[in-house]
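# Structural overview for review
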Amino acid sequence: MKPLLTIKNLVKVYGKDTRALNGISLDFYPGEFIVVIGPSGAGKSTFIRCINRLVDPSEGAIIFDGQHMEKLSWRKLRKERSKIGMIFQHYNLVGRTNVIKNVLHGQLSNVPLYKSLLGLYRYEDKKEAVELLKKVGLQDQIYKRADELSGGQMQRVGICRAILQRPKLLLADEPIASLDPLSANIVMQQLHTISQEKKLTCIVNLHQVDYAKKYATRIIGIKKGAVVFDGAPSRLTDAMIRDIYEGKESQLKLKGESGMQLAVGQNDE
Amino acid sequence: MNNKTIHKIPLDQRDSKRTFTVVAAIFAMLIFSVVYLKISFIDMFMGLPSFVMFFFEKFFPPNAENLKQYIPSVVDTLGYAVISTYISTIIAFIFGILISENTNKFKTLRVITRGFVSILRNIPFIIWGALLVYIFGIGGIVGVLALILVTIGFLSKSYAESIDEISGDKLEALRANGSSYFQILFHGVIPQFVPAWINWTLFAFEINVRASAVLGLVGAGGIGVLIDTNINLFKYEEAFSIIAVIVMIILLTELVTNSIRKRFV
Ligand SMILES: Nc1ncnc2c1ncn2[C@@H]1O[C@H](COP(=O)(O)OP(=O)(O)OP(=O)(O)O)[C@@H](O)[C@H]1O
Ligand SMILES: [Mg+2]
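These remarks concern the structure in this document. Keep in mind that this is a model prediction, so the values were computed, not measured. Throughout this description, residue numbers start from 1 for each chain and increase along the sequence as written. By the order in which they are written, chains take letters starting at A while ligands take numbers starting at 1. Under the rules for a predicted model, residues below a pLDDT of 70 receive no local features and side-chain atom pairs below 80 are neither given nor counted, while totals for whole chains, interfaces and linings still include all residues. The side-chain quantities take in all heavy atoms of the structure and omit both hydrogens and water.

### Topic: the nonpolar core
Residues and elements named next belong to chain A. Nonpolar cores are built from buried Ala, Val, Leu, Ile, Met, Phe, Trp, Tyr and Cys residues. Side-chain atoms within 4.5 Å join them into one set. Relative accessible area decides the class of each residue, using a 1.4 Å probe on protein chains only: under 20% of the type maximum gives buried, over 50% gives exposed, and in between gives partly exposed. Judged by nonpolar contacts, the single largest core of 66 residues is most densely connected at I37, L133, L170, I176, M188, V204 and L236. Broken down by element, this core gets its largest block of residues, seven residues, from helix 6 (residues 151-164). Contacts between residues were defined by any pair of non-hydrogen atoms, one from each residue, lying within 4.5 Å. With near-sequence residues (within four places) excluded, M188 lies in contact with F33, I176, V204, L206, Y211 and Y215. With 32 residues, the next largest nonpolar core counts I24, F28, I51 and F64 among its residues. Going along the chain from the N terminus, every DSSP run of H or I of four or more residues is numbered as a helix, and every run of E of two or more is numbered as a strand.

Encoded structure:
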């Protein structure tokens, strides 16, 4: 199968000498649900943001859907970005705008300015927006202002907005890090279900190793800007996890049931 | 632990000498100004009774006979404030976008706009008025122009600060999904900016009502002209009732703007 996204020797240096990414090379195939794990500061956010060039890489190539992202002009970049949905840790909704308009923002790149200003989105888009909101259980909040929602609800709107782009690739940078465990569960479940239904390729940054094991078809471990693990969840052993989080064990977020928490927790301090 | 050593626990780390120096410096400035300008508090104090006498003798009772004749001037004054606020808010919005780092990535353009706006703002409007009267001659257009210039200066800076405060996060989502610059502006920046926009604009309107009442004193039209002429003609009673009208207008304006604020922000 041809990869949807190929990353070759990706390097990102912030300022003079903060090497956030240290030469990462990976292939991502259609339909994969990839979870990226790693301690704080490992470079997970930098990695995911380089893909749609919210962060400009210093070296290397990012080939998405046949296009060299790192070489694109501003105009072409916008077009490619419209094929990549993104979900953020802090949801990044426009708070004073209502829920359905926030979802329709996913279609802005396909609508001329005057139409979007007059709310003249295509009927199919509006219909799909409503259907998506129904699917995530927000049918009663359609006309509420986004800043009146709870965190979990906001993130579900964020998912709908990204899906309405009808993207080929979905990026999520710690989508559940700001949520309570219950909402986190719902959001993660819905993100997984929807991307499965739409046969989307997903790259998700997570801190929670148990979620990674539950949903991922492939896990990538990043440490100090380099890939230290790349494989199926079943191959991610406890020793491997300990190695990825070596020295930063306190950041490991596991549920008690795995039995890892105690063993790892004792290493803390 | 030795109990004696914890006897004194200072609540501040700063030394008191610095505070003392600052207070002394502020006081010295006052002394200097009074001495340099030869202001005599005694004269001031002694003059107070004759001022009060003068006020009650000449200004009282207010002469409200011609109240109806002020109406055109009152309308003029309010009209200047409305027009100048209206025009300024549009131009200032564009400048605000050009000044804020959130909406303008070109540093040179930001710096130039900021500099220009700062000149507008830092020349007091009464001086703009006097300058423009010199250029255009006496009349209403001068008043409006003077108000517009200063209000653009004031609003551009305030708008830009409010646009800066809109977190980049929200705009990042639109940037990431391929929206154009103007879509980010209209769908991301403007909705979040609305409350600040209403607030600043109403505030500018209040200032402009006050200012346009004063503009007449330099011959730039409005109700201020009436005060000026009446005082020059020694018609103090009439001047007094005009002043009363101005106070009423200003109080009414604040009443209205405050209720709008409560409703919309
Ligand atoms: N804008 C920036 N300017 C300078 N340095 C940065 C910037 N963003 C990230 N870094 C640095 O790059 C490194 C990687 O950061 P990154 O945010 O990618 O890590 P992360 O794995 O996402 O961490 P976390 O789990 O805490 O979100 C860190 O050392 C960080 O300090
Ligand atoms: Mg991060």
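### Looking at the packing of helix 6 (residues 140-165) of chain B against helix 8 (residues 181-215) of chain B
For any two helices packed against each other, one specifies the crossing angle of their axes together with the interaxial distance. Residues and elements named next belong to chain B. Lines fitted to C-alpha atoms define the axes, with helix axes restricted to the stretch in contact, and inter-axis angles between N-to-C directions lie between 0 and 180 degrees. Running from N to C, helix 6 and helix 8 point in directions that differ by 150°, and their axes come no closer than 9 Å. When the axis of helix 6 is compared with that of helix 8, the two are roughly antiparallel. Helix 8 is crossed by helix 6, and the crossing has right-handed handedness. Taken together, the residues that form the contact of helix 6 with helix 8 break down as 16 nonpolar, seven polar and no charged. For this classification, under 35 degrees means roughly parallel, over 145 means roughly antiparallel, 65 to 115 means roughly perpendicular, and everything else is oblique. Handedness of a crossing follows from how the near helix is turned relative to the far one, being left-handed for an anticlockwise turn of less than a right angle and right-handed for a clockwise one. Any residue that is not Ala, Val, Leu, Ile, Met, Phe, Trp, Tyr, Cys, Pro, Asp, Glu, Lys or Arg is counted as polar, Gly included; the first ten are nonpolar and the last four charged.

### Observations regarding the layout of surface pockets
Buriedness for pockets is judged along seven lines, at least five of which must meet protein on both sides within 12 Å for an open set on the 1 Å grid over protein atoms alone, while cavities are sets there where a 1.4 Å probe fits but cannot get out, and lining residues have an atom within 4 Å of a point. Grid points are joined across faces, edges and corners, and a volume is the space filled by probe spheres set on the points. Roughly 470 Å³ of internal volume is contained in the largest pocket. Considering the residues around the largest pocket, the lining is formed by 19 residues, among which W74 of chain A together with T103, K105, R175 and Y181 of chain B are closest to the centre. Counting only elements with at least two residues in the lining of the largest pocket, the list comes to helix 2 (74-81) of chain A together with helix 3 (67-99), helix 7 (168-176) and helix 8 of chain B. Top element by residues in the lining of the largest pocket is helix 8 of chain B. It accounts for four residues. The residue makeup of the lining of the largest pocket, split by class, is 10 nonpolar, five polar and four charged. Volume-wise, the second largest pocket comes out at about 360 Å³. Surrounding the second largest pocket, 18 residues form its lining, T97, N98 and K101 of chain A together with H187 and P191 of chain B being those nearest its centre.

### Focus: the site of ligand 1
Residues and elements named next belong to chain A. For this purpose, a residue is taken to be near a molecule or strand whenever a single non-hydrogen atom of the residue falls within 4 Å of it. Surrounding ligand 1, one finds 13 residues, the nearest of these being S40, G41, K44, S45 and T46. Polar contacts, as used here, are pairs of N or O atoms within 3.5 Å; protein pairs need one atom able to donate a hydrogen and one able to accept it. Residues neighboring in sequence count only if both atoms are side-chain atoms. Between ligand 1 and Y14 there is a distance of 3.5 Å, counted from a nitrogen atom to a side-chain nitrogen or oxygen. Here an oxygen atom of ligand 1 sits 3.3 Å away from a polar atom, N or O, in the side chain of E174. In the complex, 58% of the free accessible area of ligand 1, which totals 630 Å², lies under the protein chains. When residues in the shell around ligand 1 are grouped by element, the largest group, three residues, is from helix 1 (residues 44-51). For the shell around ligand 1, a count of residues per class yields four nonpolar, seven polar and two charged. Here the open area of atoms and residues is found with the Shrake-Rupley method and a 1.4 Å probe, where only the protein chains shown may cover a residue.

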